[in-house]
Amino acid sequence: MQNLAGNIATTEAVTVQRASGSDRRSRRHDDSHLAYGSSSSGGASSSRRRERRRDSSDSDLAYGSDHGTPPPANAPFRGSVGGVSFASESNGAAMREVFDFVAAAAPHFGQELAAAGSITVQFGRTQGGTPGEWRANSRSITLDPRRASMAHLAGTAVFEILNAASARRVAALEGEARSGRLALRAEQAQWPADQFFAMEVERIEWENGVRHREIVTGAGGAGSGADLFSAEGDFNAYYERQVRSGHTHSYEFRYNLLREEAASEERRRQAEEGGSSRGDRGHGSSSDSSRRRHRSRR
């Protein structure tokens, strides 16, 4: 998958800037351009560096040589594509595969990458038992290597970036749920409000799936393990499948939680206003008493 790497990607695993032909013949330059070369400038160190050059060895490079040698599996890796950071301290080779695919796909979804903003892709255990998930609270994407191939995880990373880019749309939908406007829409459509909310969230994800197929095809990954939605049908078929799998239940629960939070806030507001109103009446009683005393003197 590494041959899919895109030009716009930046990575902290920097490559060697080779010395010119005359520099190599003169042997006057040290290995200061190497990503993780020694910073020592002693004669013995220089001698060892010259010997390494004569042997055409790139052992000081961050990830093997510049001839396509992959990094060690347990090496750390850090890279970024736009505002999306990729980090693994102990499984760098696998994270590099994910990074390379997203980097290759990046020219095909630059707008969504910009909308996603600053997020981190990392390995870990997913909460829902899926290959990957977007966690809005921590602004991170977690990929679980135990649950899918690396190609599948690379495709999952693209999909979850699309979900991150759609966060504002989901937030707007949740705002409608809190305010009660969504319940009115659901009533007009003759749907239970929680199911209607779940369906609309699923619609956003389905649209992301359609977009994912376009992106992966543009990156040359059509038919690969990263092409997660190649057989996706229309929205109705997708939604019915999500209902059968139980995927919509979490969104229905989310809707009811939002409504309860809104109702609780409304009860609190009314209680505060009621207390303030009673206090105002209490403070205003002195003027009423004054008027009563004035009438009694007359």
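Residues numbered from 1 in each chain as written. Predicted model: local features only at pLDDT ≥ 70, side-chain atom pairs only at ≥ 80, totals over all residues. Heavy atoms only, no water.

Draft legend 1. The arrangement of the pairing of strand 5 (residues 132–135) in detail. In the sheet, strand 5 pairs with strand 6 (residues 140–143) via four bridges, with the strands oriented antiparallel. Within strand 6, the position partnered with Gly132 by the bridge is Leu143. Between strand 5 and strand 6, which pair antiparallel in sequence order, lie four residues; one of them, Arg139, sits at a positive phi of approximately 50°. (Pairing = 2+ DSSP bridges. Helix = DSSP H or I, 4+ residues; strand = E, 2+ residues; numbered from the N terminus.)

Draft legend 2. Molecular detail of helix 8 (residues 193–218). Compared with the 38 Å implied by 1.5 Å per residue over 26 residues, the 38 Å span of helix 8 between its first and last C-alpha is a close match. Positive backbone phi, at 85°, marks Gly220, one or two positions downstream of helix 8. (Expected span 1.5 Å × (residues − 1).)

Draft legend 3. Fine view of the packing of helix 6 (residues 167–179) against helix 8. The contact between helix 6 and helix 8 brings their axes to 11 Å, and the two run at 170°. Judged by the inter-axis angle, helix 6 sits roughly antiparallel to helix 8. Packed against helix 6, whose contacting residues are Arg169, Val170, Leu173, Glu174 and Ala177, the element helix 8 presents Phe197, Glu200, Val201, Ile204 and Glu207 at the interface. In the contact of helix 6 with helix 8, the residues fall into six nonpolar, no polar and four charged. (Axes fitted to C-alpha atoms, helices over the stretch in contact; angles between N-to-C directions. Parallel < 35°, antiparallel > 145°, perpendicular 65-115°, else oblique. Contact = heavy atoms within 4.5 Å. Nonpolar A, V, L, I, M, F, W, Y, C, P; charged D, E, K, R; others polar.)

Draft legend 4. Geometry of helix 9 (residues 235–245). What helix 9 keeps buried is the set Phe235, Tyr238, Tyr239 and Gln242. With its buried residues spanning 95° around the axis, helix 9 presents them on a single face. Facing away from the buried surface of helix 9 by more than 90 degrees, the exposed residues are Asn236 and Arg244. Elements in contact with the buried residues of helix 9: helix 8. Remark: Gly246 follows helix 9 within two positions and exhibits a positive phi of approximately 85°. (Buried < 20%, exposed > 50% of the residue type's maximum accessible area, 1.4 Å probe, protein only. Arc of directions from axis to C-beta.)

Draft legend 5. Main features of the packing of helix 6 against helix 7 (residues 181–188). The N-to-C vectors of helix 6 and helix 7 enclose an angle of 85°; their axes lie 4 Å apart at closest approach. One element, helix 6, and the other, helix 7, form an angle in the roughly perpendicular class. Across from Leu173, Gly175, Glu176, Ala177 and Ser179 in helix 6, the residues of helix 7 making contact are Arg181, Leu182 and Arg185.

Draft legend 6. Inspection of unusual backbone geometry at higher detail. Located in the positive-phi region is Arg139, a residue other than glycine, with phi close to 50°. Along the chain, Arg139 falls in the loop between strand 5 and strand 6. On the basis of relative accessibility, which here comes to 34%, the residue Arg139 falls in the partly exposed class. Of note, the phi angle at Gln190 is positive, near 60°, even though the residue is not glycine. Within the element layout of this structure, Gln190 appears in the loop between helix 7 and helix 8. Note on Gln190: relative accessible area 74%, which makes it exposed.

Draft legend 7. Seen up close, the packing of aromatic side chains. Under the defined criterion, the tally for this structure stands at eight aromatic pairs. Judged by centre distance (4.9 Å) and plane angle (45°), the rings of Phe159 and Phe229 are tilted. Taken together, the residues Phe159 in helix 5 (residues 150–165) and Phe229 in the loop between helix 8 and helix 9 connect sequence positions 70 residues apart. For the pair Phe197 and Tyr255, a centre-to-centre distance of 5.7 Å together with 40° between the ring planes defines the contact as tilted. Note that Phe197 is positioned in helix 8 and Tyr255 in helix 10 (residues 249–297), a separation of 58 residues in sequence. Judged by relative accessible area, Tyr255 falls into the buried class, the value being 5%. It is Arg203 that lies over the ring of Phe235; its NZ or CZ is 4.3 Å from the centre. (Phe/Tyr/Trp six-rings, centres within 6.5 Å; stacked < 30°, edge-to-face > 60°. Lys NZ or Arg CZ within 6 Å of the ring centre and 35° of its normal.)

Draft legend 8. Inspection of the nonpolar core at higher detail. Counting 36 residues, the largest nonpolar core has Phe86, Val102, Phe109 and Ile161 as its most contacted members. Sorting the residues of this core by element identifies strand 2 (77–81), strand 3 (84–88), helix 3 (92–105), helix 4 (110–116), strand 4 (119–123), strand 6, helix 5 and helix 8 as the ones contributing at least two each. If one sorts the elements of this core by residue count, helix 5 sits on top with nine residues. Ignoring any residue separated from it by four or fewer positions in sequence, one finds Phe86 in contact with Phe77, Arg78, Gly79, Ser80, Val81, Met95, Val98, Phe99, Val102 and Val121. With 16 residues, the next largest nonpolar core counts Leu182, Phe197, Met199 and Tyr251 among its residues. (Core = buried A, V, L, I, M, F, W, Y, C linked by side-chain atoms within 4.5 Å.)

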